[in-house]
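As a plain string of letters, each chain reads:
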Amino acid sequence: MASVRFQGISKIYQKDILALAKFDIEVRDGEFLVLVGPSGCGKSTTLRVLAGLEEPTTGELFIDERNVTNIKPQDRDIAMVFQNYALYPHMTVFDNMAFSLKMKKMPGDQIDQNVRETAEILGMSDYLDRKPRELSGGQRQRVALGRAIVRHPAVFLFDEPLSNLDAKLRVQMRNELSQLHTKLGSTMIYVTHDQAEAMTLGDRIVVLKDGYIQQIATPLDLYDYPVNSFVAGFIGSPSMNFLHVVLKSGVIHAGDAVLENTPFEDVPDGEYLFGTRPEDIHPSDDSKLSGEVEVIETLGNENIIYMQFNGRQFAARCGPKVTAVPGGVFGFRMDLTRSHLFSTDGLRIKINAI
């Protein structure tokens, strides 16, 4: 196990393409840190810089206070699991997992012990003689994990390792990764664009946009206390509903809609961005608020109702018995105690304790 420290890391490619800027963070010993953000935000670049596959333009990297900025990848004591498994098709599962140990010229009996212990952890003991083509996608991913685990590295790096799996298998593998982290107690840094993976796996989450860190927080703090409208809109599915509003003496005016009894009495009058999550919009027959229904997603345990309200699409997460008809009117109320207010440039103004 080991701590990892990024100190002023930036990466600029040719033609002044900024991939990563002012990246400062300390990953605690044994922590599961997740990097999340849209495509091109710098997630994978961060991993590649730490692994030594890319040189940082500025800054330094430390693993357990050892400066590894200019150390070769093979000497950093890091194992990386890639999106495409990167297994040798002509080798058995055993040989794939043992390959790096053989390259280190580890004694054969020790290799055998390490591989079999790792296979037991991953539930792959019965598959050691098979070739990758004889395995399912989930089993191949376990082999890729095993190839990393067998080395007992100081730090594990995961670059979107579950993106090639189907939805059901992704959920299963998320659970297995979480259990694996508990068993090993290792430091893990995980890259994904899937916020469900980020929220369920991470001890802390780093949200990135255009190479800059937007927020670092626990999953619940990230969800309940986003620092800006980008984080608020990125985390959560369906995403947060937003309205451009005018605040006057604590009363919100959004076009013809008026929201009274808000928690923003102490906020100066002016123009703001108001946000509310779909689960905080509730059906109501006597409310003055309503929208024209566009789409209903029926998910069995819940219905997601998408509607037009004040010129914006709004989503409401409702129970399975709440029904609506496309083209019909959906009356609703908002739980304003859980609402969010941002400045016009996206910074959070105030959010109440939830």
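As a starting point, this report considers the structure included with it.

Calculation notes
Residues numbered from 1 in each chain as written. Predicted model: local features only at pLDDT ≥ 70, side-chain atom pairs only at ≥ 80, totals over all residues. Heavy atoms only, no water. Pairing = 2+ DSSP bridges. Helix = DSSP H or I, 4+ residues; strand = E, 2+ residues; numbered from the N terminus. Axes fitted to C-alpha atoms, helices over the stretch in contact; angles between N-to-C directions. Contact = heavy atoms within 4.5 Å. Phe/Tyr/Trp six-rings, centres within 6.5 Å; stacked < 30°, edge-to-face > 60°. Buried < 20%, exposed > 50% of the residue type's maximum accessible area, 1.4 Å probe, protein only. Lys NZ or Arg CZ within 6 Å of the ring centre and 35° of its normal. Expected span 1.5 Å × (residues − 1). Arc of directions from axis to C-beta. Parallel < 35°, antiparallel > 145°, perpendicular 65-115°, else oblique. Left-handed = near helix turned anticlockwise from the far one by under 90°. Core = buried A, V, L, I, M, F, W, Y, C linked by side-chain atoms within 4.5 Å. Salt bridge = Lys/Arg side-chain N within 4 Å of Asp/Glu carboxyl O.

To continue, consider the sheet that holds strand E3 (residues 32-36). Spatial strand order, E6-E7-E8-E3-E9-E10: six strands in an open sheet with mixed pairing. Because the sheet does not close on itself, it has two edges, and the strands there are strand E6 (78-81) and strand E10 (212-217). Each strand axis lies, on average, 20° off the axis of its neighbour in the sheet, ignoring direction. Packed onto the sheet, helix H4 (residues 137-149) meets E6 and strand E7 (155-159) and runs at close to 175° relative to E6.

Moving on: the side chain of Asn 114. Relative to the helices and strands, Asn 114 is located in helix H3 (residues 108-122). Non-local contacts of Asn 114, meaning those with residues more than four positions away in its chain, are made with Leu 101, Met 106, Val 150 and His 152.

Attention now goes to the packing of aromatic side chains. On inspection of all chains with the given rule, the structure shows eleven aromatic pairs. Centre to centre, the rings of Phe 6 and Phe 23 are 4.9 Å apart; their planes meet at 80°, and the pair counts as edge-to-face. Residue Phe 6 is found in strand E1 (residues 4-13), and its partner Phe 23 is found in strand E2 (residues 17-27); the two are separated by 17 residues along the sequence. Phe 23 sits in the buried class, given a relative accessible area of 1%. Of the aromatic side chains, those joined through ring pairs into one cluster are Phe 32, Phe 156, Phe 158 and Tyr 190. Across the ring face of Phe 62, the terminal group of Arg 5 is positioned such that the distance to the ring centre comes to 4.1 Å. Its end group placed over the ring of Tyr 223, Arg 277 keeps NZ or CZ at 3.9 Å from the ring centre.

This part is about H3. In this model H3 runs 21 Å from its N-terminal to its C-terminal C-alpha over 15 residues, within 8% of the 21 Å that 1.5 Å per residue would give. Of the residues making up H3, those classed as buried are Ile 111, Asn 114, Val 115, Thr 118, Ala 119 and Leu 122. The buried residues of H3 all sit within an arc of 130° when viewed along its axis, so they share a single face. Facing away from the buried side of H3 by over 90 degrees, the exposed positions are Asp 109 and Glu 120. Immediately downstream of H3, the backbone of Gly 123 shows phi near 70°, a positive value.

Right, let's get into the packing of helix H2 (residues 93-103) against H3. Where H2 contacts H3, the axes come no closer than 10 Å and their chain directions differ by 135°. One element, H2, and the other, H3, form an angle in the oblique class. Two packed elements cross with a definite hand, and for H2 against H3 that hand is right-handed. On H3, the residues touching Phe 94, Met 97, Ala 98, Leu 101 and Lys 102 of H2 are Ile 111, Asp 112, Asn 114, Val 115, Arg 116, Thr 118 and Ala 119.

For the rest of this paragraph, the subject is the nonpolar core. One broad trend across soluble globular proteins is that nonpolar side chains are buried collectively. Counting 45 residues, the largest nonpolar core has Val 115, Leu 145, Phe 158, Leu 177 and Tyr 190 as its most contacted members. In terms of nonpolar packing, the next biggest core, distinct from the first, is built from 27 residues, Phe 23, Ile 25, Leu 35 and Cys 41 among them.

What follows concerns the sheet that holds E1. Taking strand neighbours across the sheet as the criterion, the four strands line up as E2-E1-E4-E5 in an open arrangement whose pairing is antiparallel. This sheet does not close on itself; its edge strands, each paired only once, are E2 and strand E5 (66-67). Of the pairings in the sheet, the one linking E1 to E2 comprises seven bridges and is antiparallel in character. Note that in E2 the partner of Arg 5 across the bridge is Glu 26. Here helix H1 (residues 43-51) sits on the sheet in contact with E1, E2 and strand E4 (58-63), set at roughly 115° to E1.

As a further point, take the pattern of salt bridges. Using the criterion set out here, one finds eleven salt bridges in the structure. A salt bridge links Asp 112 to Arg 116, with the shortest nitrogen-to-oxygen separation between them at 3.0 Å. Of this pair, Asp 112 and Arg 116 both sit in helix H3, four residues apart, which is roughly one turn of that helix. Exposure remark for Arg 116: the relative accessible area of 45% places this residue in the partly exposed category. Linking Arg 317 and Glu 302 is a salt bridge whose minimum nitrogen-to-oxygen distance equals 2.9 Å. One end of the pair, Arg 317, is in strand E18 (residues 312-318); the other, Glu 302, is in the loop between strand E16 (289-298) and strand E17 (303-309), and 15 residues separate them in sequence. Judged by relative accessible area, which is 15%, Glu 302 ranks as buried. One network of salt bridges, in which partners are shared, links Lys 11, Arg 48 and Glu 54.

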